[in-house]
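# Analysis of the macromolecular model
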Amino acid sequence: MINSLAQELNDSLKGTTPFELLSDLGQRMYFPKGIIAQSGEAKQLGKTANGTIGMTVIDGKPAVLNALHKLTPSLNANELVAYAPTAGNPELRTLWKENIIKKNPLLADKNFSLPVLVPGLTAGISYLADLFLDDSKPLVSANPCWDNYALIVQARRNADFVQFPMFKDGKFNVQAFENTLSEQAKSGSVRVLLNFPQNPSGYSPTTDEVSQIVSVIKKIADSGAKVMVWCDDAYFGLDYEENIEKQSLFAHLADISPNVLAVKIDGPTKEDFVWGFRCGFLTFNCKGLTDAQYDALVKKLMGTIRSSVSCAATPSQSLLLKALQDKEVEGQKSEFRKVLENRYKKVRTFISTHTSSEIEPLPFNSGYFMAFHLKSVNAETLRQKLLKEYGIGTISIDANTLRVAFSSLEEEKIDIVYNAIYECADALAAS
């Protein structure tokens, strides 16, 4: 049954690509005119008294324990313990949009939604799955990929998870990508997730490869299929080679076709080195969408937030806003990026001077990770041997893929770790 408020949003979106792509849950979703909406009105108009929000208020301010307040003296009571708006701190959302445009000049003259703050990028992906996936609407992604995608898509939404081989001859496999999307397009719609820099491989496409990827998407859209592209930009900006495309795929897809709905999934988690803040953003673009239609789409997203966590944590948003407004923050981030780049180069040097008949490094040039393809040895068996005999932790992504997070390896330990990996793999292959 579709609520009348959901129907209003559906009516606003009818005739657009976002509406055609909505899941069964997405069509039912809405943002209620309940406590949150009524409290918002009272905040503006309730000058005498405001008896709407379930907070303890003293002298017109939220009560805050001194034990907490003394830990964060730069935050006032509202910035520390008050509820945040469902879609996030408006000032932070605006600043994040401004920063997206600075990092992606192609977006300067494009109309796209104000980013919605979600409690981490993982939650953002889960919310997109709620809105756009069900047992008749699969999601396409690369193989290998982050294991959480399958958990969200298959276990939570009971949707098919379709994968294409990501690499061929050391490059992004454009042909496999096109073949898979073309097959999906026979149903009339395609939903594809692309993650650059990629987890687990640590690969970002070159400028030429991005051009080819965009060309494939436009070709599918021009055929009449509705295409949704999820741009997982969790590691955006962490690139270490000159030929990598510097702007997000989202920037290249913005306004490419009325049949393409692009969504940027990003946040400060990796970009700003605040892993535990659990702040992410979802930003939408579809050529020809009006502001009212973007608002309808955002309200559906707000409904998924409201019906799950209600809102994201306030202190993270407040601290992030202040940090991003600090004139010194970019220089500080540059220092950390340099640390990552130096570790990448150290790994690259090792890989280029060592060979094994059993393991082959997947292409990598960016991000936090690199991964090995294993030919006959099982990745979990290798992981267990490294952990138990050498005290070295790695991740088995699947039977044939072992991921190494060089981001967390001090430079002096890189040769030790990689020597052990090669030795263990060869030993297992020989046994």
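Now for a quick tour of the structure. (Residues numbered from 1 in each chain as written. Predicted model: local features only at pLDDT ≥ 70, side-chain atom pairs only at ≥ 80, totals over all residues. Heavy atoms only, no water.)

### Re the packing of aromatic side chains
- Applying the stated criterion to the full structure yields 20 aromatic pairs.
- Judged by centre distance (4.6 Å) and plane angle (10 degrees), the ring pair of tryptophan 96 and phenylalanine 281 falls under stacked. Linking tryptophan 96 in helix H7 (residues 90-103) with phenylalanine 281 in strand E11 (residues 280-286), this pair joins segments that are 185 residues apart in sequence. One exposure class covers both tryptophan 96 and phenylalanine 281, and it is buried.
- Relative to phenylalanine 369, the ring of tyrosine 368 lies with its centre 6.1 Å away and its plane at 55 degrees, an arrangement referred to as tilted.
- Exposure remark for phenylalanine 369: the relative accessible area of 6% places this residue in the buried category.
- A network of ring pairs unites the aromatic residues Phe164, Phe172, Phe177 and Phe196 as a single cluster.
- It is lysine 97 that lies over the ring of phenylalanine 112; its NZ or CZ is 4.6 Å from the centre.
- Here the basic side chain of arginine 403 rests over the ring of phenylalanine 369, its NZ or CZ set 3.8 Å away from the ring centre. (Phe/Tyr/Trp six-rings, centres within 6.5 Å; stacked < 30°, edge-to-face > 60°. Helix = DSSP H or I, 4+ residues; strand = E, 2+ residues; numbered from the N terminus. Buried < 20%, exposed > 50% of the residue type's maximum accessible area, 1.4 Å probe, protein only. Lys NZ or Arg CZ within 6 Å of the ring centre and 35° of its normal.)

### A few points about the side chain of asparagine 10
- Position of asparagine 10 among the secondary structure elements: in helix H1 (residues 4-13).
- Residue asparagine 10 is classed as buried on the basis of its relative accessible area of 2%.
- Beyond its immediate sequence surroundings of up to four residues, asparagine 10 is in contact with Ile2, Phe19, Leu22, Gln27 and Lys300. (Contact = heavy atoms within 4.5 Å.)

### Regarding unusual backbone geometry
- Here the residue pair asparagine 143 and proline 144 is connected by a cis peptide bond, since its omega of 10 degrees sits within 30 degrees of zero.
- For the bond running from phenylalanine 196 to proline 197, omega is -15 degrees, close enough to zero to count as cis.
- Tracing the backbone shows proline 197 in the loop between strand E8 (189-195) and helix H11 (207-222).
- The residue asparagine 158 is not glycine, and still its phi comes out positive at about 55 degrees.
- With respect to the helices and strands, the residue asparagine 158 is situated in the loop between helix H9 (147-156) and strand E5 (161-165).
- Residue asparagine 158 is classed as exposed on the basis of its relative accessible area of 54%.

### What to know about the nonpolar core
- Grouped together as the largest cluster of nonpolar side chains are 78 residues, with contacts concentrated most on Phe132, Trp230, Phe372 and Tyr418.
- If sequence neighbours within four positions are ignored, phenylalanine 132 has contacts with Pro18, Leu21, Leu22, Ser23, Lys137, Arg191, Met228, Trp230, Leu261, Phe284 and Leu297. (Core = buried A, V, L, I, M, F, W, Y, C linked by side-chain atoms within 4.5 Å.)

### Description of the environment of lysine 171
- Within the secondary structure, lysine 171 is located in strand E7 (residues 171-172).
- Remark: the alpha-carbon pair of lysine 171 and threonine 206, spanning 35 residues in sequence, is separated by 9.2 Å.
- With residues up to four places along the chain from it excluded, the contact list for lysine 171 reads Met166 and Glu209.

### Topic: the pattern of salt bridges
- Inspection of the entire model under this criterion finds 19 salt bridges.
- Close ionic contact of arginine 343 with glutamate 410 constitutes a salt bridge, the shortest N to O distance being 3.2 Å. Placement of the pair is arginine 343 in helix H16 (residues 329-353) and glutamate 410 in the loop between strand E15 (401-405) and helix H18 (411-430), with a sequence separation of 67 residues.
- Taking relative accessible area as the criterion, glutamate 410 reaches 41% and is therefore assigned partly exposed.
- Where glutamate 380 meets arginine 383, a salt bridge forms, and the shortest distance between an N and an O atom there is 2.8 Å. (Salt bridge = Lys/Arg side-chain N within 4 Å of Asp/Glu carboxyl O.)

### Re helix H17 (residues 379-390)
- The terminal C-alpha atoms of H17 lie 16 Å apart, and with twelve residues this matches the ideal 16 Å at 1.5 Å per residue to within 8%.
- Where H17 is concerned, the buried positions are Ala379, Leu382, Arg383 and Leu386. Taken down its axis, H17 places every buried residue within 100 degrees of arc, on the same side. Those residues of H17 that are exposed and angled more than 90 degrees off the buried face are Lys388 and Glu389.
- Tucked inside the fold, the buried residues of H17 contact strand E13 (369-374), strand E14 (395-398), E15 and H18.
- Backbone nitrogen of glutamate 380 and a side-chain oxygen of the N-cap are separated by 2.8 Å at the start of H17; the cap is asparagine 378.
- Phi for glycine 391, located one or two positions after H17, is positive at around 70 degrees. (Expected span 1.5 Å × (residues − 1). Arc of directions from axis to C-beta. Polar contact = N/O pair within 3.5 Å; in protein donor to acceptor, adjacent residues only side chain to side chain.)

### A short note on the sheet that holds strand E12 (residues 359-361)
- Spatially, E12-E13-E15-E14 is the arrangement adopted by the four strands of the open sheet, whose pairing is antiparallel. Sheet topology places E12 and E14 at the edges, where each strand pairs with a single neighbour. Averaged over all adjacent pairs, the angle separating strand axes in this sheet is 30 degrees, with direction ignored.
- Sheet topology places E12 next to E13; three bridges connect them, and they run antiparallel. Within the sheet, the bridge partner assigned to isoleucine 359 lies in E13 and is leucine 374. (Pairing = 2+ DSSP bridges. Axes fitted to C-alpha atoms, helices over the stretch in contact; angles between N-to-C directions.)

### So, the pairing of E5
- The pairing of strand E4 (residues 139-143) with E5 spans five bridges and is parallel. Along E5, the bridge assignment pairs alanine 142 with phenylalanine 164.
- Of the crossover connections in this fold, the one passing from E4 over H9 to the parallel E5 is right-handed. (Right-handed = clockwise from strand over helix to strand, strands pointing away.)

Bear in mind that shape data such as this cannot, by itself, settle questions of function.
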